[in-house]
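Per-entry structural report
Listed below, chain by chain, are the residues.
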Amino acid sequence: MNRLQIVVAPTVAIVASALAPICGAQVALVGRSFADVNQYAQQRSVKIYGAGGLRQLEAYQSGVLVSADGHVATMASVVLDQDWVIVHLSDSRRLRGEVVGVDPLLDIAVVKLDGEDAEFPYYDLQHQSMPYESMQLLAFCNLYNVATGDEPVSVLHGVLTAVAPLEARRGSFSTRYRDEVYIVDASINNPGAAGGIVVDLSGQPIGMIGKEVRSQLSGAWLNYALPWDRVAEGVDRIISGRLGASIDSTTDLPERSATFASLGIRLVPNVVPRTPPYIDSVLPDSPAETAMLEPDDLVIAVGDMRTGTHNDVEQALLRTPIDEPVRITLLRGNRLVDVELMPIVEGSQ
Amino acid sequence: MINVAGKHVLWLAFMWVPSVAWIGVRAQTLEQLQQQAIREAVDRVSPAVVQLQIIGGADRVENVDLASGPATGLILSGDGYVVTSRYRFDPAPASVVAILADGRQFASAIVAHDYSRKLVLLKLEGATDLPAIEIAPDDSIRVGNWAIAVGRTYRADRPNVSVGVVSATDRIFGRALQTDAAVSPANYGGPMVDIQGRVMGVLSPMSPSSESTIAGVDWYDSGIGFAVPLAGWQSAFERLRNGKDLERGYLGVGLADGVPRETTPTVKSVLPAGPVAQAGLEPGDLIVAINENAIATQNDLKFAVTPHYAGDTIQVAYERGEERHTVDVTLTTVAKLQEAAEAATKQQTEASSND
């Protein structure tokens, strides 16, 4: 597909879906049959293979292309717990993908395909939709990895059940997102489905399939998608670098590095691999207390360095001079909070 | 109206079959009409679908975690009678508050239980002018028809919807409709409506192998859902409204050994003082009809009797040798059957110890 088609296809679809309520017949005339929609969605759907396999955690999930340059949006998960993943495209290509970043607010991740000068078909992140209960939907994902080899991902049909806050039962999965999601009645709460896409009958994006969680209200497994505009926000935060880049281990270390003690924070003990960097306590009369840090704040970036684990924070502090203000980005409940702390150098006061 | 429009489009399309373009138009147009019809069906029933805030009750029954959020109920009458599933009512919660789509809130009281169909009737205190529903006539419900399941669990102001078809009628021994629409704690107690928004039944967990309140809950994501049909349930509603609990009715008869679907309903034993014993049936009698509907197997008998409640009187025709007899039998509850069986055993023990 050339660039013209890439631009035209979403435009036609947007016009078509806008016209749909007024003049249904025209939609058929612009040729959005199911076969067209399926092809359109399959070209933008990918299968991601990465880490996992231990403790019955699957090593595969779904994703969708969101830029011509090869950015793939997906859900953050253990599958992405390595430097690169293998991404299968609908045209049989298998490309390496680098994990660009993770948005801890939405648990969305972006993977950048290693495609040199390739141009990829993609879903328009700017697409707006107005879903309503009973609206018919299609979901594209690789649930249970049934699409093996070069097979296209599975298509499921359903309706929008409700637009409601995600009230997931705690302990099932660590999702902090509590805003509205699209609950659907298709069985998309299955291994491998996360990161797939839910589209309307004209093929335009409605949302991204979320992780497996149980509803706090009904106790049942919840089939849901994160609204597409939220996905777009998350992808934007990641690509723009607001959440920090990965730590460059080749940089020179400063003469004296900032420490937990110099900031006045203690993290939750680093007892398991990939312990999330939650603040356990804030020392009295410390820079952290002055900046009103709180226990349970999650440290997601130090300076420009992304911190997904306790170890990452240690590494980031090692690369942060003690005699300069330290900018820290925290996730507090549903909000991102930026603070600046001036470390106290021992013996200086 | 939608249906009529749909038929016209279909008719037009057939008239123009040679034109490929027309087939495309027909497909899209029908799809959109269908979507519009589903949406209107939901809008039509939605005002009568209420959210039930459940205060107290159980977290766990028979090792199954129950939902903890709000349940759904369906308004049956303008003066405040609401039916819901018994799923969250065993044991009964301390209090139930109903929230209507328009925001009105009412305290409610349990009026009576239908243990056979796993429903409970509530009365909203002081409610008047509540929205009405239309019940789909029995003969309009066909396998393959649209089935739209509506609940009000996730939000009080909006319904939650899942869509499928009627998968079967007369399931659970004549007490339930089956659907592939997603039926779960998020819509138990809500209505299953047809494409015109008419109520076919009340969604409830069901199982052919157990009468337990929560039996069938584990099928919530399996493509198997059930709804208790409301057509024909009017007399039960009247009895419940008068505060009378309803239970499944039993004959008090033991049948000959064999595979139920292949074996004739020949009486092997009758429970002393039980319903059929009082009507004069004896071991060796062959039951041949219930309410003038012929039956051939033990399965037929179960299907014919199970939909009736304890206290209902049914007509039983049986053959004894060459003679055919017809008697009225008043069904009883499983508890009374057990009492009678225990009394009979006790009597037998006393008799044998006196020997």
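Description of the structure in this document.

So, how was this worked out
- Position numbers for residues start from 1 in each chain and track the written sequence from start to end.
- Chains and ligands are labelled by the order in which they are written, letters from A for the one and numbers from 1 for the other.
- Only residues with pLDDT of at least 70 are given local features in this predicted model, and only at 80 or more are side-chain atom pairs given and counted; all residues enter the totals for whole chains, interfaces and linings.
- Just so you know, side-chain values use all the structure's heavy atoms and leave hydrogens and water out.
- The way it works is that DSSP assigns letters per residue, a run of H or I at least four long becomes a helix, a run of E at least two long becomes a strand, and they are numbered from the N terminus.
- Burial classification: accessible surface area is computed with a 1.4 Å probe over protein chains only, and a residue below 20% of its type maximum counts as buried, one above 50% as exposed, and the rest as partly exposed.
- Contacts were defined at the residue level, with two residues in contact if any of their heavy atoms lie within 4.5 Å.
- Only the protein chains shown count as cover for residues, and the accessible areas themselves come from Shrake-Rupley with a 1.4 Å probe.
- By definition, two strands form a pair when at least two bridges between them are found by DSSP.
- Here an axis means a line fitted to C-alpha atoms, over the contact stretch when the element is a helix, while the angle between two N-to-C directions is reported on a 0 to 180 degree scale.
- What gets called buried area is simply the loss in accessible area from a 1.4 Å probe that two parts show on being joined, summed for both.
- Definition used for salt bridges: Asp or Glu carboxyl oxygen within 4 Å of a side-chain nitrogen of Lys or Arg.

1. Side note on the overall build of chain A
- On a plain count of helices and strands, chain A comes out with 7 helices and 18 strands.
- Counting across all 349 residues of chain A, residues that qualify as buried make up 54%.
- For chain A, the proportion of contacts with a sequence separation of at least 24, taken over those separated by at least 6, is 62%.
- When the accessible area of chain A is evaluated, it comes to approximately 15400 Å², of which 52% is carbon and sulfur surface.

2. Re the sheet that holds strand 10 (residues 160–170) of chain B
Residues and elements named next belong to chain B.
- Pairing is antiparallel around the closed barrel formed by 6 strands, whose spatial order is 9-10-11-14-13-12. Between one strand axis and the next, the sheet turns by 45° as a mean value, whatever way the strands run.
- Here strand 11 (residues 176–179) runs beside strand 14 (residues 225–229); their pairing, made up of 3 bridges, is antiparallel. Pairing of Gln178 across the sheet is with Phe226, part of strand 14.

3. Topic: the interface of chain B and chain A
- The interface of chain B with chain A comprises 29 residues on the first partner and 33 residues on the second.
- A buried area of about 2400 Å², summed over both sides, lies between chain B and chain A, and 54% of it is on carbon and sulfur atoms.
- Counting every contact that joins chain B to chain A gives 2 salt bridges.
- Breaking the side of chain B that touches chain A down by element, the ones donating at least two residues are helix 2 (20–45) and strand 10 of chain B.
- Among the elements that make up the side of chain B that touches chain A, the one with the highest residue count is helix 2 of chain B (10 residues).

4. A few points about unusual backbone geometry
- Between B:Asp90 and B:Pro91 the backbone carries a cis peptide bond, its omega angle lying at 5°.
- Positive phi values are uncommon outside glycine, yet A:Tyr144 reaches one of about 60°.
- Mapped onto the elements, A:Tyr144 comes out in the loop between strand 7 (136–141) and strand 8 (154–165).
- Residue class for A:Tyr144 comes out partly exposed when judged on its relative accessible area of 47%.
- Despite not being glycine, B:Asn63 shows a phi value in the positive range, around 65°.
- In this structure, B:Asn63 sits in the loop between strand 2 (60–61) and strand 3 (64–65).
- On the accessibility criterion, B:Asn63 (65% relative accessible area) is exposed.

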